[in-house]
Amino acid sequence: EMTAGQRRLLRALLTPRAAPPALGDELSAAAVQDGTGAALEPPRGLRPEWQTVFERFPRGEYRDIECDRVRGGFVLWPDVRENALLLDRRWRDLDLPEAACEEIGTVFLESTLVLASPRRAASECALGTLTAALLPLICAGHCGLASEAAGTGLGELGGQAAVEAFQWLWKEALAGPQALPAYMLGTTTWPIAALMAKWQAHCRAAGVATVAPAMPTLPDVCRMPEVDSFTGIIESMADASLMPMLWRPGEAVNKERSVGEFASVMIPALANFMNSAAAAAPGFIEDCPSVATAQGTMLVLLRLLGPPVVTDPLHGARMAELGSQLAALPLAELIGRTPHAVLAALAASRWLTWRSHRLYGGGADVPLAEVRSALEMGLTCLRDAPGPHPEEAPGRYGSGLLESLHEHGAARAALWGRISMASEDGALGPLWGQIARWLLSGEPSPGAAAAAAWPGPPAPAGGSPTPPVFFTMAFGAIPEHWLRSFLTRAFDVGVTRLTFVTPTRELVRVCEAVAAEEQAEAKLLCVRLFVPFARHYDFNNKAKFYLFPIMFALGVDVIWLDLDIFLFKNPAPRMLEQAYAPGQWPKDVLVTDHFDEHCINHGVFIVRSSDRSLLWLLEYIRWLHWYPYGHDQNGWDAFLVHSIVEPQMPQDLRQNPAINVSYGLLNTEREYVTLTGWAGNVFVQRSQAVLLHFTTTQGITERMKKSKLMELFNATGRPFGDATADQRRLDMATWKVLGRLQTSWPMVKRPCFEGIHIVVAGLLQSGLYEELLA
């Protein structure tokens, strides 16, 4: 509980400066950009073919939505978030959690700073500022009415000035120059939507919010029976299915099932309402903003349960429209009239996300500024390198900066040395130095050995391209013998460079032990990933992509293999042969699809080091950062413009040659095999099989997958003390496993999409799904 001195400090801080800026004012120019906007000035004197990567390169880091790395000089944001989360955890029923409000009383001192200068606070952390303004209003028992704050002990923190400041911040967050999508009220670690849904429920149960004098009388169209029916149904279902998840988020409840229960009743009500006379009335959206906002939010929730559509509610323009509708609602109407199903649905949408917003924001781990610095170093090394440059050899693999670096061994080795020194001097992060030194330690000597490993035309005078780096990852309850078997099998087939990424301390130890036992420190790099885990794909979506910009900037191709893969042979020669096929322009990306389905399966792929690949990947990472609902595999497919369309993609993805990557498919019928089937002849074609990915479109349990994979590892494992694996054992195991999988070539491949909820399956077949979302 605050002391009298603290209360006097609150009044002193608030009295002279409590009025918020005019609603038309913009946020401070110090607001963090999101890697978009006008390009930075490229280095002077560039060859024309080297300019694109600098001209298109993002101007700033990905926006730190969560404010994890904000080091401002105004508000202590971790305290604000910690106290907001504490209040959310303690608020478990309709009664106001007075004890929790007393416990978080010290954070109200931070709220005074926010309310005294909301523009400055918002320039540091938009959602944190909104949260800091919200907490005292809730604890004041405000319910949208300034008069309700009297006698609460919070004084001006619950007064009219606080209401006006909150409303300005609310509008700026959702519809201002640096507006965030409305779904971020629920998908971030700032529990704004959850707290506001609870606040609405509390105020209505207390009978407070219905008497706001500032709310105008509703037009007749807003009080039609179909309007009341729609809002009544979604309110009732929100109380039954969504609010229990918000009151007790930590309890063992199947969140997706609860959302599905809500949707199963909401969808017919939404369809009836959208086909009603009220919804078709001219000016309905302007006359009935609360109901229009409810309709827009329910459409967003419906879309999250199914595949994208052409007129997707999650497209930027439609999300901006929903944000503007929410932003225009005064606090009294937001609390008193807007169905609490709106904020409850936004809060519950968190459990429909694949990842959080905490993976890439604010330059996490691999800042974009460091990637640009490495590109500038590579430019210098190419300029200073002896001999003809690759771009002067017509018909080779492209003349961009990274393509040139990829081909020029002397310049590439010089760059790695410079990167190592820059890391030691603190100009680049430690990861850059570790990777550069590791690459140098395992670089093949120039000459016949390196050239023999490369399937392309003769190398220029600068030397050969460097072998690709393989990547894989593991987290969670992966047994030690699984990881050991995968790593040793990779070495047995001749993989020369492999990076293993994991957040798990024990798996790092296993990786390091294998490197020592195999005397493979120059072949195996073990990297520990640090992610504040929030959603179940956080580790996956960070580990899989965050090191690629480093590799590309160093002129290195990358090959990804999921850990549930058995290698019949080293995939690198065949993949490089396909990527750099003689007589054809090289493919930037090669990736598998499915045996009998058309969409991408990015458990196996190669991406070459090119200017386009780097810029394309940075756009993809930005999409992962901003849009948590899209499965990363769906996004990979959509960014290749293969079979899926996802919202919030770059508008010029296929028109802009700077990011218009070329791609091809790796053959899953005979070469990159899955458990769904193998369309080869076991007697004469089994040698074509490169690997077996233990995945299937027909379903397999994790236990069965592990059992079958370990059987194959054990059948082909190197006997203790032997330096090499027994080829006869591999031949027999290959014969058996491919023989069991042998089937006919698929006549047609079905379309597919990762993440369709069963509740919308019938709507998809009937066409009503697209009709409602149009």
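Definitions and cut-offs
- Residues numbered from 1 in each chain as written.
- Predicted model: local features only at pLDDT ≥ 70, side-chain atom pairs only at ≥ 80, totals over all residues.
- Heavy atoms only, no water.
- Core = buried A, V, L, I, M, F, W, Y, C linked by side-chain atoms within 4.5 Å.
- Buried < 20%, exposed > 50% of the residue type's maximum accessible area, 1.4 Å probe, protein only.
- pLDDT = per-residue confidence, 0-100.
- Contact = heavy atoms within 4.5 Å.
- Phe/Tyr/Trp six-rings, centres within 6.5 Å; stacked < 30°, edge-to-face > 60°.
- Helix = DSSP H or I, 4+ residues; strand = E, 2+ residues; numbered from the N terminus.
- Lys NZ or Arg CZ within 6 Å of the ring centre and 35° of its normal.
- Patch = residues over 30% accessible without salt bridge, like charges linked within 9 Å, V, L, I, M, F, W, Y side chains within 5 Å.
- Areas by Shrake-Rupley, 256 points an atom, 1.4 Å probe, with all protein chains shown as cover.
- Salt bridge = Lys/Arg side-chain N within 4 Å of Asp/Glu carboxyl O.

## What to know about the nonpolar core
For step 1, the next point in the chain: Counting residues in each nonpolar core, the largest one holds 200 residues, and the members touching the most others are W170, W199, F262, W432, L554 and W636.
For step 2, the next point in the chain: Counting 56 residues, the second-largest nonpolar core is a separate cluster that includes W482, A520, L563 and V604.

## Examining the confidence of the model for the protein chain
For step 1, the next point in the chain: On average, residues of the protein chain score 86 in pLDDT, and 87% of them are at 70 or above.
For step 2, the next point in the chain: Low pLDDT (under 50) marks residues 5-33, which in the prediction has 57 contacts with non-local residues, meaning those over four places away or in another chain.

## Structural notes on the packing of aromatic side chains
For step 1, the next point in the chain: All told, the structure shown has 27 aromatic pairs when counted by the stated rule.
For step 2, the next point in the chain: A centroid spacing of 6.1 Å and a plane angle of 80° characterise the contact between F548 and F605, whose relative ring orientation is edge-to-face. Here F548 is found in helix α27 (residues 548-553), whereas its partner F605 is found in strand β7 (residues 601-607), with 57 residues between them in sequence. Comparing F548 with F605, the two get one shared label, buried.
For step 3, the next point in the chain: The interplanar angle of 75° and the centroid separation of 5.0 Å between the aromatic rings of W616 and W636 together place this pair among those described as edge-to-face. Here W616, found in helix α29 (residues 611-626), pairs with W636, found in helix α30 (residues 632-639); they are 20 residues apart in sequence, far enough to count as distant. Here W616 and W636 have matching classes, each one buried.
For step 4, the next point in the chain: Against the face of W190 rests R81, its NZ or CZ located 5.0 Å from the ring centre.

## Concerning a nonpolar patch on the surface
For step 1, the next point in the chain: The grouping of F683, V684, M732 and W735 at the surface amounts to a nonpolar patch, some 460 Å² of accessible area in total.
For step 2, the next point in the chain: Relative to the elements of secondary structure, M732 occurs in helix α32 (residues 727-741).
For step 3, the next point in the chain: Looking at M732, the relative accessible area reads 47%, which means it is partly exposed.

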